[in-house]
Amino acid sequence: MKKNKGVHDMIRLSELRYKEVINECTCRRLGCIEDLEFDEKCGQICAVIIPGQCKCFGLFGKEEEFVIPFRCIRQIGPDIVLVEVDEKAVTR
């Protein structure tokens, strides 16, 4: 039985949310994807958003979040997402 190639190459946001994001440049774990930014005109994903770490047990809010352009994703594996970014440039 032949598989439909395009159908199995897709991934859902719910699956992406549980993958750790690793920066290839620093080998640092950035966190897990919390949200996506879309271009509302064409429907394309523009960026993935990773929340900052909690400060002092969450009492003082969170650090700034990472907004990583989708073009910076190098590979999506079974457990991790590899990105290549300058962390200072993608923090807001």
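Use the structure listed above.
Residues numbered from 1 in each chain as written. Predicted model: local features only at pLDDT ≥ 70, side-chain atom pairs only at ≥ 80, totals over all residues. Heavy atoms only, no water.

**Quick notes on the sheet that holds strand β3 (residues 35-38)**
By way of backbone hydrogen bonds, the strands of a sheet pair with one another, either parallel or antiparallel. Which entries qualify depends on this criterion: Paired strands, in this sense, are two strands between which DSSP finds at least two bridges. By the criteria applied, helices consist of DSSP H or I runs no shorter than four residues and strands consist of E runs no shorter than two, each listed in order from the N terminus. With axes taken as lines fitted to C-alpha atoms, and helix axes fitted only over the stretch in contact, angles between N-to-C directions fall between 0 and 180 degrees.
Here three strands make up an open sheet; going across it, the order is β3-β4-β5 and the pairing antiparallel. Strand pairing shows two members of the sheet lacking a second neighbour, β3 and β5 (66-69), which therefore form its edges. Along the sheet, successive strands turn relative to each other by an average axial angle of 25 degrees, direction set aside.

**Details of the side chain of Glu-87**
Test applied: Burial classification: accessible surface area is computed with a 1.4 Å probe over protein chains only, and a residue below 20% of its type maximum counts as buried, one above 50% as exposed, and the rest as partly exposed. Should any heavy atoms of two residues lie within 4.5 Å, those residues are considered in contact.
As for its placement among the helices and strands, Glu-87 is situated in the segment after β7 (80-83). Overall, Glu-87 belongs to the buried group, its relative accessible area being 14%. Beyond its immediate sequence surroundings of up to four residues, Glu-87 is in contact with Asn-23, Thr-26, Arg-28, Leu-30 and Phe-66.

**What to know about the state of the cysteines**
Keep this limit in mind: When two cysteine sulfur atoms lie within 2.5 Å, the pair is treated as a disulfide.
Using the criterion set out here, one finds zero disulfides in the structure. Not engaged in a disulfide, the cysteine Cys-27 finds its nearest cysteine sulfur in Cys-25; these two sulfurs lie 8.9 Å apart. The thiol sulfur of Cys-46 is not disulfide-bonded, and the nearest other cysteine sulfur, from Cys-42, lies at 6.4 Å.

**What about unusual backbone geometry?**
With a phi close to 60 degrees, Cys-27 is a non-glycine residue in the positive phi region. Tracing the chain through its elements places Cys-27 in the loop between β1 (20-23) and β2 (28-32).

**Quick word on the nonpolar core**
Selection rule: To form a nonpolar core, buried Ala, Val, Leu, Ile, Met, Phe, Trp, Tyr and Cys residues must be joined to one another through side-chain atoms within 4.5 Å.
Counting residues in hydrophobic clusters, the biggest one holds 15 residues, and the most contacted among them are Val-21, Leu-30, Ile-33, Ile-50, Ile-68, Val-81 and Val-83. Ile-50 has contacts with Val-21, Leu-30, Gly-31, Cys-32, Ile-33, Glu-65, Phe-66 and Ile-68, leaving out every residue within four places of it along the chain.

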